[in-house]
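Listed below are the residues making up each chain.
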Amino acid sequence: MSKLVQIWANGSVATLATGREGLGIIEDGAVAIEAGRILYAGPRSGLPVALRDNAEEIDLEGRWVTPGLIDCHTHIVHGGNRAREFEMRLEGASYEEIARAGGGIVSSVKATNALSVEELMKSALPRLDTLISEGVTTIEVKSGYGLNIEAELNMLRAARALELVRPVRVVTSYLAAHATPVEYKGRNGEYITDVVLPGMEQAHAEGLVDAVDGFCEGIAFSPAEIARVFDHAKALGIPVKLHAEQLSNLGGTKLAAAYGALSADHLEYLDNEGIEAMAKAGTVAVLLPGAFYAIHEKQKPPVDALRKAGVPIAVATDCNPGTSPLSSLLLTMNMSATLFGLTVEECLVGATRNAARALGLLSETGTLEVGKSADLAIWDISSPAELAYRMGFNPLHARIFKGERFDR
């Protein structure tokens, strides 16, 4: 008879547990798992005797264990690429100039619309596999490159299909309010009426949407337009989040917080009023250094002010074909430290506990606590600092998802 309980021991454990100081480090720790759930996470000396009976003990050989990583903001389902825009930026064009010339988000629409659900899913797999290979156990995937009802639904269907072919948890965000398609140029309101709102209803009816997102910016949608989208989401009982204050300050973050948004993302131009609103609402600040780096931004998000206000900070790749072609959450942590001044602790919390919070999943994953999903990453490192310190190096030894082991 196979043993039902697995005990990972003889290593260091960073539980990231809520209520514990720092990373919740236990130097000689153990994690016990049964039926995909965590039974125990704490000092090896404190393991209940009852757990040891009929348990398989696995020697960590001095390695480190953390919660599985969470990429809480991605656009990995899409068609084509925007390498030419990369060249244009090198030649001096700004993100806004590229978008107004017909590039940017809209340029990905044609390539995305040309693919079937299966083709979209298969095209996303190399990006997903790269993230999984770095210890990611949960990933958020947005629509937003279809810009018509069926294409938006197909993106979400492809995102859901990823869970069927890879051992990973996928959380979806409906992002039809990402840009206005060419045929609706100058008619944002009509696009919202004709596409965004009825598409949201269909996505909800099919069980395809976990949250509703939008892009509140001068080149996208105004706060008043986003409010229409959020009102509809609220009526359907769907949580919201928002791309806000990336290129300017339109007050999108304050609006998102007023709707109890799970997160507001980017935030380079966030002001104190927006920070106060986030703190009051418990909205997570998701920082995206890949986009900051790729589009040569100069203004950094107000990290110190977010810290002082007690706003939870998460980090994510923003993996997308144009402004953040980044598919490494480890590099994202390094960039968050180097470019934005986050500490090692903030980087790791931002890619686990706070990332789970940004997806509304903190009760299920993001920390190593009793009752939660057994989502772990096992690392060949001597301290957690190595996870943010190295560039282009992957120290993952093994990944545990819902209690099942997957070696690198």
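Once a new chain begins, its residue numbering starts again from 1 and follows that chain's sequence as written. Whole-chain, interface and lining totals are the exception, using all residues; otherwise, since this is a predicted model, local features are given only for residues with pLDDT of at least 70 and side-chain atom pairs are given and counted only at 80 or more. In computing side-chain values, all of the structure's heavy atoms are included and hydrogens and water are not.

## Concerning the pairing of strand β12 (residues 284–287)
Of the two faces of β12, the one holding Val284 and Val286 and the one holding Ala285 and Leu287 are both buried throughout. Pairing between two strands requires that DSSP report at least two bridges joining them. Helix and strand definitions here come from DSSP, where helices need a minimum of 4 consecutive H or I residues and strands a minimum of 2 consecutive E residues; each element is numbered from the N-terminal end. Pairing between strand β11 (residues 263–266) and β12: three bridges, direction parallel. Paired with Ala264 across the bridge in β12 is Ala285. Orient the strands so they point away from the viewer, and a crossover whose first-strand-to-second-strand path over the helix runs clockwise is right-handed. Each parallel crossover has a hand, and for β11 linked through helix α10 (residues 272–281) to β12 it is right-handed. Whether a residue is buried, partly exposed or exposed follows from its accessible area with a 1.4 Å probe, protein chains only, as a fraction of its type maximum: under 20%, in between, or over 50%, in that order.

## Looking at the side chain of Thr283
One can find Thr283 in the loop between α10 and β12. For Thr283, a relative accessible area of 0% puts it in the buried group. In this structure the side chain of Thr283 is engaged in a polar contact, spanning 2.8 Å, whose partner is the backbone oxygen of Ala261. Residues count as neighbours in contact if any of their non-hydrogen atoms are within 4.5 Å of one another. Setting aside residues no more than four positions away along its own chain, Thr283 makes contact with Ala257, Gly260, Ala261, Leu262, Ser263, Ala264, Met278, Val311 and Pro312. For this analysis, a polar contact is any N or O atom pair within 3.5 Å, provided that within protein one partner can donate a hydrogen and the other can accept it, and provided that sequence-adjacent residues contribute only side-chain to side-chain pairs.

## Things to note about the UniProt feature "binding site: Zn(2+)" (unreviewed entry) in the chain
In the UniProt entry, the feature "binding site: Zn(2+)" (unreviewed entry) is given for His73, His75, His243 and Asp318. Considering the C-alpha atoms alone, the annotated residues occupy 246 residues of sequence yet fold into one spot, their largest mutual distance being 12.4 Å. Turning to its location among the elements, His75 is positioned in the loop between β6 (69–71) and α2 (83–90). Looking at His75, the relative accessible area reads 3%, which means it is buried. Filtering out sequence-adjacent residues up to four positions away, His75 remains in contact with Lys142, Ser143, Tyr145, Leu175, His178, His243, Asp318, Cys319, Asn320 and Pro321. In this structure the side chain of His75 is engaged in a polar contact, spanning 3.2 Å, whose partner is the side chain of His73. Residue position: Asp318 is located in the loop between β13 (313–315) and α13 (329–340). For Asp318, a relative accessible area of 2% translates into the label buried. UniProt positions are given in the numbering used here, feature names are shortened, and annotations may be inferred rather than shown by experiment.

## Re α13
Every helix has an expected span of 1.5 Å times one less than the residues it contains. Taking 1.5 Å per residue as the helical rise, α13 with its twelve residues ought to reach 16 Å, and the 15 Å between its terminal C-alpha atoms agrees with that figure. Along α13, the residues that are buried comprise Leu329, Leu330, Thr332, Met333, Asn334, Met335, Ser336 and Phe340. One side-chain oxygen of the residue at the start of α13 lies 3.0 Å from the amide nitrogen of Leu331, identifying that residue as Ser328. Of the residues one or two after α13, Gly341 is the one with positive phi, at around 80 degrees.

## Comments concerning the UniProt feature "domain: Amidohydrolase-related" (unreviewed entry) in the chain
Mapped onto this numbering, the UniProt entry gives "domain: Amidohydrolase-related" (unreviewed entry) at residues 64–381. Structurally, residues 64–381 is divided into 45% helix and 15% strand, and its ends, taken at the C-alpha atoms, are 6 Å apart.

## Quick notes on helix α5 (residues 117–132)
Counted at 1.5 Å a residue, the expected span for α5 with its 16 residues is 22 Å, and the 21 Å between its end C-alpha atoms agrees. All of the buried residues along α5 are Leu120, Met121, Ala124, Leu125, Arg127, Leu128, Leu131 and Ile132.

## With respect to the environment of Pro167
By secondary structure assignment, the location of Pro167 is in the loop between α6 (149–165) and β8 (169–177). Taking the C-alpha atoms as reference, Pro167 lies 9.4 Å from Thr138; in sequence the two are 29 residues apart. Those residues within four positions of Pro167 in sequence are excluded, and the remaining contacts are Arg399, Phe401 and Phe406.

## Topic: the side chain of Thr138
Within the element layout of this structure, Thr138 appears in strand β7 (residues 136–142). When its relative accessible area of 0% is taken as the criterion, Thr138 is described as buried. Beyond its immediate sequence surroundings of up to four residues, Thr138 is in contact with Leu69, Ile70, Asp71, Val168, Arg169, Val171, Leu359, Leu361 and Thr365.

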